[in-house]
Amino acid sequence: MEELKTQLREAEVNWEKNLKIKISHLETEALELKQENSVLKAKIIQLDNEAKEMKDEAKEMKDEVKRMKDDLQRKSDQKEKDDQKARDEIQSLRTRVKQLESSDPTRQQDTIKQNKKNEKIEENVKHLIHKTDDLENLSRRDNLRIIGLPEDHDKRKSLDIILEEIIQENCPEILEQEGKVEIERIHRSPPVFNPQLTTPRNVIAKFKNNQMKEQILQAAKTKPFIFDGNTVRLTQDLAASTLKDRKAWNTIFWKARELGLQPRIKCPSKLTIFLQGKVWSFNTTEEFQAFINKRPDLNRKFEVHPQNSRESSKGNLK
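The rules behind these values
Residues numbered from 1 in each chain as written. Predicted model: local features only at pLDDT ≥ 70, side-chain atom pairs only at ≥ 80, totals over all residues. Heavy atoms only, no water. Helix = DSSP H or I, 4+ residues; strand = E, 2+ residues; numbered from the N terminus. Buried < 20%, exposed > 50% of the residue type's maximum accessible area, 1.4 Å probe, protein only. Polar contact = N/O pair within 3.5 Å; in protein donor to acceptor, adjacent residues only side chain to side chain. Patch = residues over 30% accessible without salt bridge, like charges linked within 9 Å, V, L, I, M, F, W, Y side chains within 5 Å. Areas by Shrake-Rupley, 256 points an atom, 1.4 Å probe, with all protein chains shown as cover. Salt bridge = Lys/Arg side-chain N within 4 Å of Asp/Glu carboxyl O. Lys, Arg positive; Asp, Glu negative; His and termini not counted. Charge placed at Lys NZ, Arg CZ, Asp CG, Glu CD. Pairing = 2+ DSSP bridges. Axes fitted to C-alpha atoms, helices over the stretch in contact; angles between N-to-C directions.

A. Up close: the side chain of glutamate 151. Tracing the backbone through its elements, the reader meets glutamate 151 in the loop between strand 1 (143-147) and helix 4 (153-156). On the basis of relative accessibility, which here comes to 16%, the residue glutamate 151 falls in the buried class. Only 2.9 Å separates the side chain of glutamate 151 from the backbone nitrogen of arginine 201, close enough to count as a polar contact.

B. Layout of a negative patch on the surface. Taken together, Glu50, Glu53, Asp56, Glu57 and Glu60 make up a surface patch of like negative charges. Here aspartate 56 shows up in helix 2 (residues 37-103). Overall, aspartate 56 belongs to the partly exposed group, its relative accessible area being 39%.

C. Spotlight on the sheet that holds strand 5 (residues 230-236). With antiparallel pairing, the five strands of this open sheet are ordered in space as 2-3-1-5-4. This sheet does not close on itself; its edge strands, each paired only once, are strand 2 (183-189) and strand 4 (225-227). Between one strand axis and the next, the sheet turns through 30° on average, direction left out of account.

D. Summary view of the pairing of strand 7 (residues 270-275). Here three bridges tie strand 6 (residues 264-266) to strand 7, and the two strands are oriented antiparallel to one another. Residue pairing across strands places arginine 264 opposite threonine 272, the latter belonging to strand 7. Here strand 6 hands over to strand 7 after three residues, the two strands then running antiparallel side by side. With five bridges joining them, strand 7 and strand 8 (residues 278-282) adopt antiparallel strand pairing. Each residue of the ladder has a partner; that of leucine 271, found in strand 8, is phenylalanine 282.

E. Inspection of the pattern of salt bridges at higher detail. In this structure the tally under the stated criterion is 18 salt bridges. The shortest N-O distance in the salt bridge between glutamate 64 and arginine 67 comes to 2.7 Å. On the criterion of helical spacing, the pair formed by glutamate 64 and arginine 67 is a turn pair, its members being three residues apart in helix 2. With a relative accessible area of 35%, glutamate 64 lands in the partly exposed category. Owing to a relative accessible area of 43%, arginine 67 belongs among the partly exposed residues under this scheme. A salt bridge links aspartate 142 to arginine 141, with the shortest nitrogen-to-oxygen separation between them at 3.5 Å. A cluster of three or more residues bridged by salt bridges with shared partners is formed by Asp71, Arg74 and Lys75.

What follows is the structure, encoded as structure tokens:
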């Protein structure tokens, strides 16, 4: 949306300059050739009408961008509500099953069947959630998230220009190789500024060239990026649920790095470590905890209490 605004402003400025030049020429010709006065006036009126049409089209484009953003936000909110509703229904079913088990032992067979149905429902819900997350992450594969860019920067210049300046300042070789930064859109997230927040909103940029985005990410992993005296972080834009799963690994990840286990977070939220000449991978913090429990020497070093991931949170409902 900011890019469209910039382009419209530039178009309007250029148009005004051209219009002034044309009017000057027309006035000169009018003094020399009065008989063409009526034709020139008609031309000026036509240009005014075209300018009005351009402004109307710009307003329509701005309204369409806003509508698309609002629609995306509504879909995201609805997805979160649906996920929570499914979890609540599963918990309600488990509670009901426990009540039946304690009140009437003769219903044991029915309870077993119901438990199997509940497990099947939970598996289906988990599968749908994972599928939805995978689709959302796929739709964000060309996105770059900029963290820590002060809010006042984009009041002075557009976000697309700021992004190009960040790249030019920190990894100019990418611009030399790939050329101009081409982005489909760039905006703050969330779109509405909250004055109560003490940290700036993130910036999301969708690249047309995925290769350039990947090169920028690789460069950002090798050194901190500085822009206008501020440190900014550039990361892959991921679904909120995936970010939550990755955050669950934080404590374990830094402890593993301290112990020289070469930890890595693989897409979407899997941890890998290098131990005894072999790469080990774990989907959840529970898998990792079970792994180190079998190795007392390693378990003593990992005296940490990791945050629960989404998977482990769901498992605790059983």
